[in-house]
Amino acid sequence: MPEVNRHFEDRVHGVDFVLAYYSKDQQDDRTKKRKIFEANLIREGLQLEYDKTQDIHFVKIHSPKEVLYRYAEVLKIKLPMKRIPGQSQIYEEDNESSDSKVSSCWKLFQPIQNTASILPCKQKRIYAEFQMKYEQLFDCDQPDFFDAGTRIFIINFILERQHFVEGEETPNNLGIEKLLNDKVYASAYALHDKSNRELLVREWSDLANWKHFQPLDEIKEYFGAKVAIYYAWLGFYTRMLIPLSIFGILFFLYGFITWHSDPISKEICNTNKTTLMCPQCDRNCDYWELSKICKTSKINYLLDNNMTVVFAFFVSMWAVINLELWKRYSADIIHRWGLTGYTQDVEHPRPQYLQKLRNNVKFSKKLEKQDPESVFEPEVPFWSIKFLPSFTSYSIVVLSICVSLMAVFAMVIYRMAQKASRSVLGDENSTTYKVMTLPITASIIYFVAISILHHAYSFLARILTNLEYCRTQTEYDESLTIKIYVFQFVNYYSSLFYVAFLKGKFVGYPMKYNRIFGFRQEECAPGGCLMELCLQLVVIMVGKQLVYAIIEVSLPYLMRILNKCLKNVTNIRRNSQMQSVKSNQWTEDYYLQPWAPRMLFAEYLEIALINNIFEIRTDAMKMLKFIRRPVAQRAKDIGVWFSIMMIVTKIAVATSAVIIAYSTNLIPKMVYRLTTHDDTLKGYLNFTLAYFNTKDFLIPPVLGDSKYGEVTTCRYTEFRNPPDDTHPYKRPMVYWKIFMARLAFIVIYQNVIGIIQTVIAWAIPDVSAKLVKRIKRENFLLREYIIEYEKRQVMMEQAEGIADLLEVLQDDSDT
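These numbers come from a predicted model, not from an experiment.

(A) Representation of the overall build of the protein chain. If you tally the helices and strands in the protein chain, you get 26 helices and 14 strands. Within the protein chain, buried positions represent 47% of all 815 residues. By sequence separation, contacts in the protein chain at least 24 residues apart represent 78% of the contacts at least 6 residues apart. Within the structure as shown, the protein chain displays about 41700 Å² of accessible surface, and the carbon and sulfur contribution to it stands at 62%.

Shown next, in the form of structure tokens:
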């Protein structure tokens, strides 16, 4: 393969960043802005070189060490120190303690390790915030002292804060983002590095490495900590899903093993024509045999059996353990990357935030009295300034959520109307139609609807977030993430909440059905809606994963092919001199898909075991081959996503309690055993079915004669008195016992799980004792080292002063 150039013409200075614009774009205003902007970059100390040999003109940017030193101090970037006396002893003791504890377990992971000769373990270092006065203490001579991610981060910081209008230096004419929006430049991007990229492609993104650990240190150096922490989380989460998946498989195996011992499904299958159920629509519907749901009841047993509560308990414990262990794991890798103690306080304000302050009438008056070159960032009051944009933004979010709920409601009406009109999809009395056809078709239609709403709302969310006063980029990203996630949560899962908590709960009874727009509400099959709930979950989750996976893999590839085709057409039209341009990295990367900061948002939503195994490698290949190199960003954790997952864990416990109480047979079975002392559950099916006298139908459901002859009574799934009772069709006492037992179960389950989760969170420290000890010892060594250095500097200055004084005295004596 020909060499891909990513250097200046002198072959010494590497290209860190590139600005590109069209050669035909010679508008005076844009040309002037480019010249002023590039002159300001040179004034900052950056070195620029131009490539005007193609239709796209490129501005190559190189950052000298002097600039990197200056901005590393400004941005409070932690960089590796030279080896400090006593440092080796800390790490030797750590290794000894680790080896003594996990040496036997470590051998189990040898087959999945990366090759040490190709990706050796990084040397442990002590990091400190860079200061020019302590330059001699830092390991500046090492070639990776400033890794590529740090260089790109610093250059991007400079680009975001340079003006492009002379004499009118305001936030309205500030930064590369504004220039890109005004099409002064076509694009601005960092360059891929051929050697490092090929190493990561071979050792990381190749699907053959699915069983290997990820080279997180190399990913951090190439893409920055924010991207690396995502892949660290994805890998950790995938490993944590393995025990959960094994337990889930065992749960299903238990259902299969005990399949034929379920007395409820046995009784349903053996009823033959002895148990007739009431019609499920108001017109032209016949009675139907309970035995028709024989197969459905057996499948439902796989999900609703004695192990259901045990599995729910295990999942609840797993959720909190997963988050607590992640905090320990992330603390270790963050410290290894020199980001311990990093907070938003060291982040500089976004140029867009400063622009909003400048455009605000209240603050603009204060600015008139200030030096234009001064850094203006006043304290912005919440109620008088921030409240109205935030209130407006989140009000529209609530309105959008209501639109999403209306889509769910419309789908419910669709299902009701389908049943009422005897859909052409099949016989509505058939099990296939009631359990499979109608739910699946409704789920597919709903999935299309929520996908459209998702893309429309994602566009709206960015506009709403731009209205707010988000000071830092982290605040902006978190505000945007919360808006989109809340909407996505409602958008994707509201239909599941309907099936779990509303469907079949307020239907009424044959003589008095509760109706919506004249339609009867949907009923659950005997045994509950749990199977349909799982079915909808599979359709929505698998459908979403599949669609997004196809888009993620195919779209960047197709865009790359399209851009290459356009490039080839352009080359054909150019003369021979233009065709002889040597292969270079800035031209190749220009035709890649631009990186968008929100690309990681969708990735955090797609977390399932089998998906994750391939997601890690496919995402890696996409970022390395099809997308421009992102600007590296610092991060100490996964940000607002951790808080979101904590909240989702709490919601999951509450929903599990309600689903177990109302969508499974656990509580009715318990009440039946206690009231009848029948542990065999042979009469449980009859216990859950109420009687109805067909003469009490207000609207005869069967037009003409029934195929079952003259039917005097039918059954329906409810707890109500029989028609010959003194209080016909009223709630019996057993119903209220079940109702109180369900409420008691929800309260007890939530509190027990909550207490255990709190104990687990308390028992697992966020940072391991070993790491805490190491940090304390490193900080102690660092402080002592700096104190000794300052003492030596003072002594040297005093010695130099005494020498100068003696020299002056000698000169005076000679005179």
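Structure shown, so let's carry the discussion forward.
(B) Geometry of the nonpolar core. Of all hydrophobic cores here, the largest spans 48 residues; its most connected members are L19, F37, L41, I61, F138, I154 and L159. For this core, the leading source of residues is helix α4 (residues 148-159), giving 7 residues. With 40 residues, the next largest nonpolar core counts V201, W204, F236 and L241 among its residues.

(C) Structural context of the state of the cysteines. Evaluation of the coordinates by the stated rule reveals 2 disulfides. What pairs with C269 in a disulfide is C294, and their sulfur atoms sit 1.9 Å apart. On the sign convention where negative is left-handed, the bridge of C269 and C294, at about 90° about the S-S bond, is right-handed. With a gap of 25 residues between them, C269 in helix α9 (residues 263-270) and C294 in helix α10 (residues 294-303) connect regions that are remote in the sequence. Paired by a disulfide, C278 and C714 hold their sulfur atoms 2.0 Å apart.

(D) Representation of the pattern of salt bridges. This structure, assessed with the given rule, holds 21 salt bridges. With its nearest N and O atoms 2.7 Å apart, the salt bridge here joins E49 to K60. Placement of E49 in strand β2 (residues 47-51) and of K60 in strand β3 (residues 56-62) is noted, with a sequence separation of 11 residues between them. For K60, a relative accessible area of 1% gives the class buried. For D766, the salt bridge is made with K327, and the minimal N-O distance between the two is 3.0 Å. Remark: K327 occurs in helix α11 (residues 308-336) and D766 occurs in the loop between α25 (733-763) and α26 (769-814); sequence separation between them is 439 residues. Its relative accessible area of 38% is what places D766 among the partly exposed residues. Since its relative accessible area comes to 22%, K327 is described here as partly exposed.

(E) Geometry of the pairing of β3. Counting buried positions along β3 gives 7 out of 7 residues, so the element sits mostly inside the fold. Residue alternation in β3 divides its side chains into two sets, I56, F58, K60 and H62 and H57, V59 and I61, and both sets are buried. Bridging between strand β1 (residues 17-22) and β3 involves 6 bridges; their strand directions are antiparallel. Paired with Y22 across the two strands is I56, which belongs to β3. Sheet topology note: the β2/β3 ladder contains 5 bridges and is antiparallel. The residue of β3 that forms the bridge with Q47 is H62. Counting the residues that bridge the hairpin from β2 to β3 gives 4 residues.

(F) Local environment of the packing of helix α7 (residues 216-223) against helix α8 (residues 225-257). Put simply, α7 and α8 touch, their axes get as near as 7 Å, and they point 150° apart. By the criterion of interaxial angle, the relationship of α7 to α8 is roughly antiparallel. Both α7 and α8 take part in a crossing whose hand is right-handed. For the pair α7 and α8, the contacting residues are L216, I219, K220 and F223 in the first and A225, V227, A228, Y231 and A232 in the second. Partitioning the contact of α7 with α8 into residue classes produces 8 nonpolar, no polar and 1 charged.

(G) Structural view of a negative patch on the surface. A cluster of acidic residues, E797, E800, D804, E807 and D811, forms a negative patch on the protein surface. Within the secondary structure, E800 is located in helix α26. Judged by relative accessible area, E800 falls into the partly exposed class, the value being 49%.

(H) Focus on the sheet that holds β3. Read across the sheet, 4 strands follow the order β2-β3-β1-β6 without closing on themselves; strand pairing throughout is antiparallel. Every interior strand has two partners, whereas the edge strands, β2 and β6 (187-190), have only one. For this sheet, the mean angle separating the axes of adjacent strands, direction not counted, is 20°. Against the sheet, helix α1 (residues 28-43) contacts β1, β2 and β3, and its axis sits at roughly 140° relative to β2. Here α4 sits on the sheet and contacts β1, β3 and β6; the angle it forms with β1, its principal contact strand, is near 45°.

(I) Inspection of the environment of A407 at higher detail. Locating A407 in the fold gives a position in helix α14 (residues 382-420). In this structure, the C-alpha to C-alpha distance between A407 and S494, residues 87 residues apart in sequence, is 9.7 Å. The contact partners of A407, leaving out residues within four places of it in the chain, are Y446 and L453.

(J) View of the side chain of S404. On the secondary structure map, S404 appears in helix α14. Judged by relative accessible area, S404 falls into the buried class, the value being 0%. In contact with S404, not counting residues within four places along its chain, are L453, F487, V490 and N491.

(K) Structural context of helix α16 (residues 473-502). Between the first and last C-alpha of α16 there are 41 Å, a value that for 30 residues agrees with the 44 Å anticipated at 1.5 Å per step. At Y493, α16 is deflected by roughly 50°, the largest bend along its length. Phi for G504, located one or two positions after α16, is positive at around 75°.

(L) Region of the structure containing helix α12 (residues 351-359). Inspection of α12 places P351, Y353, L354 and L357 among the buried residues, and these make up the whole buried set. Take α12 and look down its axis: the buried residues cluster within an arc of 160°, on one side only.

(M) A look at a nonpolar patch on the surface. Judged by side-chain polarity, I242, I246, I249, L250, F252, L253, F256 and I257 come together as a nonpolar surface patch covering roughly 780 Å² of accessible area. Mapped onto the secondary structure, F252 falls in helix α8.

(N) Highlighting the packing of aromatic side chains. Throughout the structure, instances matching the rule amount to 47 aromatic pairs. Geometrically, the ring pair formed by Y230 and Y231 is edge-to-face, given 4.8 Å between the ring centres and 65° between the ring planes. A relative accessible area of 1% means that Y230 is categorised as buried. Taken together, the aromatic side chains of W233, F236, Y237, W318, W326 and Y329 make up a single cluster linked through ring pairs. The cationic tip of R629 hangs over the ring face of Y222; the distance from NZ or CZ to the ring centre is 3.8 Å. The ring of Y691 carries R715 above its face, with NZ or CZ at 3.6 Å from the centroid.

Criteria and cut-off values
Residues numbered from 1 in each chain as written. Predicted model: local features only at pLDDT ≥ 70, side-chain atom pairs only at ≥ 80, totals over all residues. Heavy atoms only, no water. Helix = DSSP H or I, 4+ residues; strand = E, 2+ residues; numbered from the N terminus. Buried < 20%, exposed > 50% of the residue type's maximum accessible area, 1.4 Å probe, protein only. Contact = heavy atoms within 4.5 Å. Areas by Shrake-Rupley, 256 points an atom, 1.4 Å probe, with all protein chains shown as cover. Core = buried A, V, L, I, M, F, W, Y, C linked by side-chain atoms within 4.5 Å. Disulfide = S-S within 2.5 Å. Salt bridge = Lys/Arg side-chain N within 4 Å of Asp/Glu carboxyl O. Pairing = 2+ DSSP bridges. Axes fitted to C-alpha atoms, helices over the stretch in contact; angles between N-to-C directions. Parallel < 35°, antiparallel > 145°, perpendicular 65-115°, else oblique. Left-handed = near helix turned anticlockwise from the far one by under 90°. Nonpolar A, V, L, I, M, F, W, Y, C, P; charged D, E, K, R; others polar. Patch = residues over 30% accessible without salt bridge, like charges linked within 9 Å, V, L, I, M, F, W, Y side chains within 5 Å. Lys, Arg positive; Asp, Glu negative; His and termini not counted. Charge placed at Lys NZ, Arg CZ, Asp CG, Glu CD. Expected span 1.5 Å × (residues − 1). Bend = angle between axes of the 7 residues up to and from the residue. Arc of directions from axis to C-beta. Phe/Tyr/Trp six-rings, centres within 6.5 Å; stacked < 30°, edge-to-face > 60°. Lys NZ or Arg CZ within 6 Å of the ring centre and 35° of its normal.

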